Amino acid sequence: MPLKLKRLINHCSILLRPSVFAAGIALVVTLAAGLFAENQNRVLSYQNARAKVSEQLGLVRAKLEGNINSNIQLVRGLVAVIETQPDIDQLSFSKIASGLVGTHSQLRNIAGAPNLVVSLMYPLRGNEKAIGLDYRINEMQREAAMRAVESQEMVLAGPVNLVQGGQGFVGRFPVFIDDGTGARHLWGLVAAVIDVERLYAESGLLAAGLPIELAIAGKGGTGAEGEVFFGSPTTFANDPVITEVTLPSGSWQLAAMPKGGWSATPGNVWQIRLFILLGGLLVILPISIAGHLYDQRRVNIREINRRKSEVEKLSHRLKLALNTSKIGVWEYNLDTGMLTWDERMRELYGVAGGVEKLRIDIWSSAVHPDDRAQAEDEFNHAIITGGTYNSEFRVLTGDGTPRWIRAIGAVHHDLRGQRYIVGVNWDVSADIELKTRLLASKQNAELRNRELEDARAQMERNSLHDSLTGLPNRRFLDERLLNGHAGKTVTALLHIDLDRFKQINDTLGHAAGDAMLAHAATVLKTSTRAGDFIARIGGDEFVIATTSKTSEEQLSALANRIIVQMRQPVPYESHECRFGVSIGIAIADPDEDNCGKRLLIDADIALYRAKSNGRNRFEFFTASLKAEIIRNKRVADDILNGLERTEFLPYFQPQFDARTLDVVGVEALARWEHPTEGVLTPDVFLKTASELNVVPLIDRSILKQTLWQSTRWKAAGISIPKMSVNVSAGRLYETDLIDSLDGIAIERGTLSFELLESIFLDDKNDTIVANIARLKALGIEIEIDDFGTGFASIVSLIQVRPDRLKIDRQLISPIVGSDSQRRLVASIIEIGQSLGIKVIAEGVETMEHAVILRDLGCDTLQGYALARPMSSNQLMKFIVNETWRQVA
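Residues numbered from 1 in each chain as written. Predicted model: local features only at pLDDT ≥ 70, side-chain atom pairs only at ≥ 80, totals over all residues. Heavy atoms only, no water.

A.B. asks: Got a minute to help me understand the packing of helix 16 (residues 596-612) against helix 17 (residues 623-644) in this structure?
C.D. replies: Helix packing geometry: the angle between the two helix axes and the distance between the axes. At a closest axis distance of 11 Å, the pairing of helix 16 and helix 17 adopts a crossing angle of 90°. The pairing of helix 16 with helix 17 is recorded here as roughly perpendicular in orientation. In this structure, helix 16 contributes I605, A606 and R609 to the contact, and helix 17 contributes L625, E628 and I629. Of the residues belonging to the contact of helix 16 with helix 17, the class tally is 4 nonpolar, no polar and 2 charged. (Axes fitted to C-alpha atoms, helices over the stretch in contact; angles between N-to-C directions. Helix = DSSP H or I, 4+ residues; strand = E, 2+ residues; numbered from the N terminus. Parallel < 35°, antiparallel > 145°, perpendicular 65-115°, else oblique. Contact = heavy atoms within 4.5 Å. Nonpolar A, V, L, I, M, F, W, Y, C, P; charged D, E, K, R; others polar.)

A.B. asks: I keep staring at the pattern of salt bridges and nothing clicks. Help me out?
C.D. replies: Side chains bearing opposite charge may pair, as long as their charged atoms lie close to each other. Throughout the structure, instances matching the rule amount to 38 salt bridges. Note that E65 and R61 form a salt bridge whose closest N and O atoms lie 3.0 Å from each other. Linking E65 with R61, this pair stays in helix 2 (residues 18-84), spanning 4 residues, or about one helical turn. Note on E65: relative accessible area 15%, which makes it buried. The class of R61 is partly exposed, set by a relative accessible area of 25%. Here R448 and E451 are joined by a salt bridge, their closest N and O atoms 3.5 Å apart. Placement of the pair is R448 and E451 together in helix 11 (residues 429-464), with a separation of 3 residues, close to one helical turn. Using a relative accessible area of 49% as the deciding quantity, one classes R448 as partly exposed. Three or more residues are tied together by salt bridges with common partners; here these are D497, D499, K611 and R615. (Salt bridge = Lys/Arg side-chain N within 4 Å of Asp/Glu carboxyl O. Buried < 20%, exposed > 50% of the residue type's maximum accessible area, 1.4 Å probe, protein only.)

A.B. asks: What should I look at first to understand the packing of aromatic side chains in this one?
C.D. replies: Both the distance between ring centres and the angle between the ring planes are used here to describe each pair of aromatic rings. Considering all chains together, one arrives at 21 aromatic pairs under this definition. Measuring from centroid to centroid gives 6.0 Å for F618 and F620, while their planes differ by 85°, and the two rings are edge-to-face. Cluster of aromatic residues (ring-pair linked, three or more members): W330, Y332, W363, F379, Y389 and F393. Positioned over the ring face of Y864 is R868, at 4.1 Å from the centre of the ring. (Phe/Tyr/Trp six-rings, centres within 6.5 Å; stacked < 30°, edge-to-face > 60°. Lys NZ or Arg CZ within 6 Å of the ring centre and 35° of its normal.)

A.B. asks: Whenever I open this one, the sheet that holds strand 1 (residues 107-114) confuses me. Can you help?
C.D. replies: Note on sheets: strands pair through backbone hydrogen bonds, and any given pair is parallel or antiparallel. Here we have 5 strands laid out as an open sheet, ordered 2-1-5-4-3, and antiparallel in their pairing. The outermost strands of the open sheet, each flanked by one partner alone, are strand 2 (120-122) and strand 3 (155-161). For this sheet, the mean angle separating the axes of adjacent strands, direction not counted, is 20°. Direction of pairing for strand 4 (residues 167-178) relative to strand 5 (residues 184-195): antiparallel, over a ladder of 11 bridges. Each residue of the ladder has a partner; that of V170, found in strand 5, is V193. Against the sheet, helix 4 (residues 142-151) contacts strand 3, strand 4 and strand 5, and its axis sits at roughly 35° relative to strand 4. (Pairing = 2+ DSSP bridges.)

A.B. asks: What exactly am I supposed to notice about helix 3 (residues 90-98) here?
C.D. replies: Side chains three or four residues apart in an α-helix point the same way, a direct result of the helix having 3.6 residues per turn. Turning to helix 3, its buried residues are F93, S94 and A97. Projected onto a plane normal to the axis of helix 3, the buried residues spread over an arc of 95° and lie on a single side. Summarising the geometry of helix 3, the exposed residues directed more than 90 degrees from the buried face are L91 and K95. (Arc of directions from axis to C-beta.)

Just distances and angles here, no functional claims.
Right, here's the structure in full:
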């Protein structure tokens, strides 16, 4: 069942309890009654507040109406006097008005305006600005004045801003007089100004202790439709108590509310809520207690039923477990000596079911005699200490077969205070038998593990030692010595390589080679000191590492001793084998830590130098050798970068017809335009390039650029019939040489490959012969370069038939002063001519050489006397200007 569904069911079951249900109903009823009571209290409180505000408002309204009406009645008396005395002057007017204006009224001043022009004023002082005011033309007061005249009634306006300053309510009284004929005509207006502040103050509107906020609307007597001229307009928007102030002409609306607004919460709200809470508790608490007790009783009944069910289940499971596990249960009364066994116990000990009373002797007699003493001691010890009982012993069945029993028990007291030891027995014969077999297997496994450990140690030794010589191998050298794991510091390293070992191994067999290696190991062992370390790290390579203080003189003596002893003949079967050694020596820098691997590299470099200097010798690794290695490394890096940046370019040396001196061809020579060292010739980089195996890449680049430059020459109208390009030895041995020329446009008969004599004439190599034949098929001609310095034979020339052969400069240079050398060159030219091979002479340094070679019948000349190697642009200018003819 999902967890959320279980929680939902639990919540529902709690809510459906009778106590919770009854308490819930009581709570709902109490809350409803409390909410109703609080609402009624709020309504009554609001009504009482409005009644109090209405009472205060009534007092203010009465005072305000009384003050306004009393002021108006005073002025009406003056109007009555004017109606009887229309010619009243200022003195009489002031005398009468002085009795009206004073502290007994709120009148500020009274003005008389015969013919609607103010000419009478009291008090005159401070109101001089009002004298001469014409109501008929004054925009601010004209409307109110005309309304009073037309209505023939007093009109109260205001509050208005007065001409003489300040604010006031202006009451304008039209005055009509009788002309004696019964007709009435307008005399003018009497205007009385009621002081606003005094009216408000004496009417109670500005009283400091006034508990209400007041606002008056109906400016000019316009009633509810007029604007608010006293108080805040928001008072009318907050449900105020409103009353009407009646004026002689119109009315005002007077609104009031408590200061701070109507209170949403009555003052006695917390008393009411406390009363509701107490009432609710008096109702809910008894119901909740009674319900809780009822629920507790139901829970207890369910728990009793559940435990009863669990006991029945456990009893059933225990019975089932005892029956299936074949465990016997026993009980021994320590006070009465009564022993109780179940059926399984009787089966284990072979006791018949008819024996009802069992004693401890039955158990003792069934135990195997060899185990009885120990079993009884363990049983008695548990009884004495009152602890647990654990024992394993054998019992003898009826047929004498032993059976292993495991017994477990514990001492306890019953309710009556009697002591018992209760426990179980079960047959563990199969377990004991398995345990015995496992113990035997464990012993066998431990023996096997020891054998495997010995074998592993032997394998480890074999992996670290050479099986032929018994010396440590390269792994031992790297892991134990050069990495410093042996706790020793290497002070010097000798890297030893056997010379001529391969010839012995190839001619006399591997057995002879093994005998030479064993002999070499013996020589090294006898030549070194006790602390020196010797290892065989390769086929015929050994290393001697010294770990003690040494010097260059001592190392030189050791190396000489080894070289001398290795030169001695070694008898093998019926042969005397001889071989030598080359040794590279590197001395550790005392300021460097753990320089073992670095030493091996340095010693290897020194060994390489010893071999290159003639073998059967030793060389020390020096700073100059290191600098040379670094320089070669830098050159190698620059060569690789130069290939990527196309820094290898062809320089062209023209070839001339010996008779006409016309240009008949050019030889493309590789040059390296180094970014910092300028133009470099092949003698600087060719050796390193060969070691990098990038000479074929340089050749291919020179070939492509030469063909591209030929297109420029043709476009410029320059005719160069032949172009010869040098091809390295390595490329002739490539089976895919012809395939690498795919995609390069080559015009037949215009390109020739220059090959060294020694390579070209090696007709024993099928790949070289096949490549030469295929080159000729593509229209690429073949030249022999440096002819006369190799081992070519006339037969070779006949077999291969090159198109041209180039006599080496070493043969050309001496012909000026040597007749024999001249005859030798003449013979070569004659051989070439007889075989139909064109002859080129290189190294023509002077025009005297050129004349002699022409007379000897040489076909083509090439040398500094006529032209040096130059770039393509320089070549084009050279041919156009025919500079060589001036030299000739």
